[in-house]
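# Inside the fold
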Amino acid sequence: MVLAQLGGSISRAIQQMSNATIIDEKVLNECLNEITRALLQSDVQFKLVRDMQTNIKKIVNLDDLAAGHNKRKIIQQAIFNELCKMLDPGKPSFTPKKGKTSVVMFVGLQGSGKTTTCTKYAYYHQKKGWKPALVCADTFRAGAFDQLKQNATKAKIPFYGSYMESDPVKIAVEGVERFKKENCDLIIVDTSGRHKQEAALLKKCAKFLKQRYILKPDLAIFVMDSSIGQAAFDQAQAFKQSVAVGAVIVTKMDGHAKGGGALSAVAATKSPVIFIGTGEHMDEFEVFDVKPFVSRLLGMGDWSGFMDKIHEVVPMDQQPELLQKLSEGNFTLRIMYEQFQNILKMGPIGQVFSMLPGFSAELMPKGREKESQAKIKRYMTMMDSMTNEELDSSNPKLMNESRIMRIARGSGRQVREVMEMLEEYKRLAKIWSKMKGLKIPKKGEMSALSRNMNA
Ligand code: GDP
């Protein structure tokens, strides 16, 4: 089950529970069984799922809850918290400091996306003003150095490696020494991975890693392909035994992978997921935060990520006005139009949209950004045929039959398409209306909105 489906199944289970007239033991059990099934289908390890179920039952003691208590909210909150707990080992990973040299080593099986992720990690930090450098100590895979070199050159990041030298430890030590002298503050070492899931090879790999560990990196990041499913727990544990894994990066979250393995890897390594890879390109890389992620998974939207994105992509002079409009809760067609304009300007639009509740699954399915972009342009053409009154009204009743027909004629589209666009607008307006009266958070803050939405 892909993650979006997992989220959908869990939210449906919660919704069904919420629809019940009385919430009793039976309704709660049905809801938890549904969630359990969804998590198991997503390859989350059985023990984790069982523990989660037990914990929720312990927290939500229906007999002890007085009649006045909002049981739905309490159950929802418990589910949300338990999912967060599953993904949060409770201790933060080592965080490199800008201006102070840190050595970060990447480990993981061949094909997991390690080399790609090394560059993404370097590029991410470079954009934030760091001075990163890449060292290719993967002497096992033919072409690894070329791949790193190519990526590094594209991103203008200094790199070090050798076609001749076969000892990875030697290359790593030389590379690190060189970049320390050059005052790089983030030295990233790519190590070699091995073939998939073969115990003997994994053992060998562990030995290599131990050897390599004489490097004493400040942080070892375990890169895991999200599509490996149930094998994730064992694989992560094997790496943890051979090297002090301090953080996890889960790759290929854009594909049709069952993401549950990723949740299990956190439990196996007791290390936090710090980033996720969402595509092959350099900037398809997202900081991973547990709470916004679970919010998004449950279709509640990632408000803090969304706010950060707004600060990043909406022109400075438009930000206060947009945020003001949002907090007033009046989502007019004109606001939708302006946001579509911003979105078309800002490149990989999926990234922004996927953070909004309600947007990701329907308007912007991942991997179909081109079609979505065409759809948005179509919607905008129709809105171009609207009057100012129509664009500025938040009264859905205004859009009567004759207006709809006029818009269709004026934009050369079908009535059905105009109605589809208006339905989309209504759906978004409903979601956005939840923001009414809420405090708009400042850049980077874990927002009050998020807490409110999650409650
Ligand atoms: P390595 O052997 O672990 O170093 O793996 P590579 O970095 O060579 O990656 C293996 C393949 O996975 C390449 O084709 C990458 O483009 C692809 N890849 C890596 N990360 C992602 C990701 O987040 N999403 C997708 N779709 N592909 C990825």
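Residues numbered from 1 in each chain as written. Predicted model: local features only at pLDDT ≥ 70, side-chain atom pairs only at ≥ 80, totals over all residues.

## As for the overall build of the protein chain
Across its full length, the protein chain holds 21 helices and 8 strands. Across the 455 residues in the protein chain, those meeting the buried criterion constitute 42%. (Helix = DSSP H or I, 4+ residues; strand = E, 2+ residues; numbered from the N terminus. Buried ≥ 20, exposed ≤ 12 C-beta atoms within 10 Å, placed from the backbone.)

## Details of the nonpolar core
Counting 80 residues, the largest nonpolar core has Leu134, Val135, Ile187, Ile188, Val189, Phe222 and Met224 as the members making the most contacts within it. For this core, the two domains that each supply at least three residues are domain 1 (3-87) and domain 2 (102-296). Counting residues in hydrophobic clusters, the runner-up holds 14 residues, among them Ile335, Met336, Met421 and Tyr425. (Core = buried A, V, L, I, M, F, W, Y, C linked by C-beta atoms within 7 Å. Domains from an automatic or database assignment.)

## Here's the deal with the site of the ligand
Contacts to the ligand come from 18 residues, most closely from Gly113, Lys114, Thr115, Thr116 and Gly277. If you tally residues by element for the shell around the ligand, the top one is helix H5 (residues 114-127), at 3 residues. Grouping the constituent residues of the shell around the ligand by class yields no nonpolar, 14 polar and 4 charged. (Near = placed C-beta within 6 Å. Nonpolar A, V, L, I, M, F, W, Y, C, P; charged D, E, K, R; others polar.)

## Details of the packing of helix H2 (residues 25-41) against helix H3 (residues 46-59)
The interhelical angle for the contact between H2 and H3, taken along N-to-C directions, is 160°, at an axis separation of 10 Å. If you check the angle between H2 and H3, you find them roughly antiparallel. Every pair of crossing elements has a handedness; the one defined by H2 and H3 is right-handed. Each of Leu32, Thr36, Leu39 and Leu40 in H2 lies in contact with H3, whose residues at this interface are Phe46, Val49, Gln53 and Ile56. (Axes fitted to C-alpha atoms, helices over the stretch in contact; angles between N-to-C directions. Parallel < 35°, antiparallel > 145°, perpendicular 65-115°, else oblique. Left-handed = near helix turned anticlockwise from the far one by under 90°. Contact = placed C-beta atoms within 7 Å.)

## Considerations on the environment of Ala268
Assignment of secondary structure puts Ala268 in helix H10 (residues 260-269). Here Ala268 is in contact with Phe233, Ala236, Gln237 and Lys240, once residues within four sequence places are set aside.

## Some thoughts on the packing of H3 against helix H4 (residues 71-87)
With their axes 10 Å apart at the nearest point, H3 and H4 run at an angle of 145° to one another. Seen along the crossing, H3 lies across H4 with a hand that is right-handed. Between H3, through Leu48, Met52, Asn55, Ile56 and Ile59, and H4, the contact on the second element is made entirely by Ala78, Ile79, Glu82 and Met86.

## What to know about the environment of Met405
Tracing the sequence through the fold places Met405 in helix H19 (residues 401-411). The exposure class of Met405 is exposed, given the 12 C-beta atoms found within 10 Å.

## Quick word on the UniProt feature "domain: SRP54-type proteins GTP-binding" (unreviewed entry) in the protein chain
UniProt's entry tags residues 272-285 with the feature "domain: SRP54-type proteins GTP-binding" (unreviewed entry), counted in the numbering of this structure. Secondary structure over residues 272-285 splits into 0% helix and 43% strand, and the C-alpha atoms at its two ends are 16 Å apart. (UniProt positions renumbered as here; feature names shortened; annotations may be inferred.)

## Some details on the environment of Lys170
Looking at the element boundaries, Lys170 is found in helix H7 (residues 168-181). The spacing of Lys170 and Ala137 is 33 residues in sequence and 8.4 Å in space, taken between C-alpha atoms.

## So, the pairing of strand S7 (residues 273-277)
Along any regular strand, the residues point their side chains to alternate faces of the sheet. Across the 5 residues of S7, 5 count as buried, placing the element largely inside the fold. As paired elements, strand S6 (residues 245-251) and S7 share 3 bridges and run parallel to each other. Counterpart to Ile249 in the pairing with S7 is Phe275. Bridging between S7 and strand S8 (residues 285-287) involves 3 bridges; their strand directions are antiparallel. (Pairing = 2+ DSSP bridges.)

## Comments concerning the confidence of the model for the protein chain
Model confidence for the protein chain is summarised by a mean pLDDT of 78, while 73% of its residues fall at 70 or above. Confidence drops under a pLDDT of 50 for residues 195-199, and excluding neighbours within four residues, the segment shows 5 contacts in the predicted structure. pLDDT under 50 marks residues 438-455. Its contacts with residues more than four places away, or in other chains, come to 38 contacts. On the interface metric, ipTM, the complex scores 0.99, and its pTM is 0.67. (pLDDT = per-residue confidence, 0-100.)

## Quick word on the sheet that holds strand S2 (residues 132-137)
Ordered by their spatial adjacency, 8 strands build an open sheet running S3-S2-S4-S1-S5-S6-S7-S8, and the pairing between neighbours is mixed. For this open sheet the edge positions go to strand S3 (159-160) and S8, each flanked by a neighbour on one side alone. Along the sheet, helix H9 (residues 231-242) contacts strand S1 (102-107), strand S5 (219-225) and S6; its crossing angle with S5, the most-contacted strand, is approximately 160°.

## Some thoughts on the pairing of S1
Buried residues dominate S1, accounting for 5 of its 6 residues. Relative to strand S4 (residues 186-191), S1 runs parallel, the two being bridged by 5 bridges. When the bridges of S4 are listed, Ser102 appears paired with Leu186. Where S1 lies against S5, 4 bridges are found, and the strand directions are parallel. Its bridge partner lying in S5, Met105 is registered against Ala220.

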